[in-house]
Amino acid sequence: MVTSQLVQYIVSGITMGSIYAIVGLGFTIIYSVTGIINFAQGEFVMLGAMIGFSLLGLGLPLAAAVVISVVLVTVVGIVFNLVAIQPARRASTIGLIIITIGGTLFIRALAGLYWGRDAVPLPAFTGEQSLRFLGAYIQPQSLWVIGVTLVLMAGVYVLLNRTLIGKALKAAAINRRAAALVGIDARRMSLISFGLAAALGAIGGLVMAPLSFASHDMGVMLGLKGFVAAAMGGFTGVWGVLLGGLGLGLAESFAAGYISSAYKDAIALLFLFAVLLIRARSLVAGEEGS
Amino acid sequence: MRKVAACFLAMVMLAGMIAFSACDGGETEEAETYKIGAVFAVTGFNSPLGEPEKQTAEMLEQQINDAGGIDGHQLDIIIYDTESDETKCLTSVKKLIEQDGVLAVIGPSSSGESLAILDTITQAEVPLVSCAASSKIVEPVDERYWVFKTPQSDTLAVGEIYAYLTDQGISKIALITDSGGYGSTGREQLVALADDWDMTIVADEKFGTQDTDMTSQLTSIRGTEAEAVICWGTNPGPSVIAQNMQALGMDLPLLNSHGIANKQFIDLAGDAANGVIFPAGKLLVADQLPDTDPQKEVLVSYKEGFEALYGEGTTNTFGGHAYDAIMMLVSALEEVGPDSAAIRDALENITEFPGTGGVFNMSATDHNGLSAGAFVLIEVVDGEWVWLQD
């Protein structure tokens, strides 16, 4: 029984941690390319899940709903960049971050108007019958979450390290001015990073929603925890975010299981506090580097 | 400065009144409108409570005014949305009292918000009829002179649940409660009454109102000797728990509070909702009640009126709490007219008043006025509410 409990905590910790990692990856990509912490990342997650819900309601098959939802949210990310970020590109980084907070509130309020305030269910991708593993129960959807996370992480890793666009993104991330000098269009890179982050967020929302529910305000907590995951990963690189997300998910799960479930969210905020204390200097340094 | 503004406002209003009476053809005897304030969580995470409360208030205002008002006085219910936020709620209540000059206040929707405005209400000496459940809202009564509430107290719900478990021969229970105001006061009652019913609490877990995964807490519960799980919270938390329990293959009986007494719980939890048992007001099973039930008439008429406006199957007990609050205020207004202190006294003297939440018998020592019969146990069977008769 004790082993099975431990395994169960690990399973739910890894599942939630994977989601935090996907959300955190979006933060990381935009931050490393543009220096902006995009607080609208959580809203991309929400839009992915809610648009998916609406498309399923129209009778579309699951695969089509997922693809169309991801495409639409990517467009939202690009439009958000064009409409809100580009015109203000001369503003300070702090100014741009505040613009993303404004965008967050705007998107959440619109979503609340359109979809209403209630939570909605999404069907699991492949059945709801739990699998037994070392005495623990695993929902098939958890496997989807973990699998999709690994695929996305690997995909983004390959994109950044093995393709021309990825190298351009990385170059812009390392030194924007030098990148511009060799002909890398910073505006285009900013656009691509927002589109990519939006797509990642949407996929995250779509795979996680069947585990719990989707609602217009789900982006608040997910955005915060994704931010913690990204900050723990140092806002650089794919594997740091993955470790950050999993660490946070496992810490929450163990805290809820062994210490007290009342302190679950406090754990995430404690992590955030610690990370900000330790990393604050390097985050600011990154900003000065631009 | 304030005086100048007040004079200016008074002049504008006077001008407005003259203009109004002028187009009315010089009619002078216009009965004064009775103004009542309402604060509901129309948006935010408590919107499943606040939305039907607002709809009920709008429906009643229309119905009462169409029928000629209260003794010829039109009723004006001024509704503010608290956005499920305690601070916002407090600001709105102050605005209702200071700027709108209301005779009494209805709401708020949640226990946390209600507790947050107690001091303001007491200082302003305006009667409040809360639509939230926690017994702390009206106790201790000598400190809650101006405060009443219509939902049945947690104590009654806990008693109903413990009586059922005793019948089933269950004595070891696991608690999983929302860490917010509603869940924590419910938990206090569950703990406080456990000894009276010989219940042993073998697990005491909590969850956050916005949490999306409770498998960790449920896993620890499975490691105990619990024979039943009692969950206390409002959606979506309890739906997540029902689904998580199903996913974890836990077949312990799951009992819930009246916090899940809306269709949203069934919509969200789907299959996992079946078999869940919870206490709730009789409104949910109005059609299944015998005609001799003293509440049957008011329940059926409220339900029919509400569903005619807002659609089939939309009635829920939260709207019912607002119905009871407004109807009691209306009856007090009919009796004593527009005087806040007199309205308070009239509310305290309400007896044998059939509402949707039960038959109210207010007194100087009981500002809720409901007794054990107010709750019935309901089981979800094939996605429908079924009255569990003793």
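The structure presented is a predicted model; accordingly, all values stated were derived computationally and were not measured.

Caption draft 1: Fine view of the overall build of chain B. Helix and strand counts for chain B stand at 12 helices and 14 strands. In summary, chain B has a C-alpha radius of gyration of 22 Å against a globular reference of 21 Å for 390 residues, a match within 12%. Taken over the C-alpha atoms alone, chain B extends approximately 75 × 50 × 35 Å along its principal axes. Split into buried and exposed, the 390 residues of chain B put 52% on the buried side. When contacts within chain B are restricted to residue pairs at least 6 apart in sequence, those whose partners lie at least 24 apart make up 68%.

Caption draft 2: Just the overall build of chain A, in detail. For chain A, the helix and strand inventory stands at 11 helices and 2 strands. Ordered by position in the sequence, the α and β elements of chain A form the string α-α-α-α-β-β-α-α-α-α-α-α-α. Against the globule reference of 19 Å for 290 residues, chain A gives a C-alpha radius of gyration of 19 Å, in line with a compact fold. Taken along the three principal axes of its C-alpha coordinates, chain A extends 60 × 45 × 35 Å. The proportion of buried residues among the 290 residues of chain A is 50%. Taking the intrachain contacts of chain A between residues at least 6 apart in sequence as the baseline, contacts between residues at least 24 apart amount to 75%.

Caption draft 3: Structural context of the interface of chain A and chain B. On the side of chain B, 26 residues touch chain A, which itself brings 26 residues to the contact. For the side of chain A that touches chain B, the secondary structure elements donating two or more residues are α1 (2-34), α10 (238-259) and α11 (264-289) of chain A. Looking at the side of chain A that touches chain B, the element that brings in the most residues is α1(A), giving 5 residues. Of the residues that constitute the side of chain A that touches chain B, the class distribution is 11 nonpolar, 10 polar and 5 charged.

Caption draft 4: Here's a closer look at the nonpolar core. Ranked by size, the top nonpolar core spans 196 residues in total, and within it A:Leu47, A:Ala49, A:Ala214, B:Val105, B:Ile106 and B:Leu329 carry the most contacts. Residues contacting B:Leu329, with those up to four places away along its chain left out, are B:Ile36, B:Ala104, B:Ile106 and B:Val129.

Caption draft 5: Just the packing of helix α3 (residues 62-85) of chain A against helix α4 (residues 93-115) of chain A, in detail. All names here are of chain A. Contact geometry for α3 and α4: axes closest at 11 Å, N-to-C directions at 125°. When the axis of α3 is compared with that of α4, the two are oblique. Here the hand of the crossing between α3 and α4 comes out right-handed. Facing Phe80, Ala84 and Ile85 of α3, the residues of α4 in contact are Leu96, Ile99 and Gly103. Tallied by class, residues from the contact of α3 with α4 come to 5 nonpolar, 1 polar and no charged.

Conventions adopted
- Residues numbered from 1 in each chain as written.
- Chains lettered and ligands numbered in written order.
- Predicted model: local features only at pLDDT ≥ 70, side-chain atom pairs only at ≥ 80, totals over all residues.
- Helix = DSSP H or I, 4+ residues; strand = E, 2+ residues; numbered from the N terminus.
- Rg over C-alpha atoms; globule rule 2.2 N^0.38 Å.
- Buried ≥ 20, exposed ≤ 12 C-beta atoms within 10 Å, placed from the backbone.
- Contact = placed C-beta atoms within 7 Å.
- Nonpolar A, V, L, I, M, F, W, Y, C, P; charged D, E, K, R; others polar.
- Core = buried A, V, L, I, M, F, W, Y, C linked by C-beta atoms within 7 Å.
- Axes fitted to C-alpha atoms, helices over the stretch in contact; angles between N-to-C directions.
- Parallel < 35°, antiparallel > 145°, perpendicular 65-115°, else oblique.
- Left-handed = near helix turned anticlockwise from the far one by under 90°.

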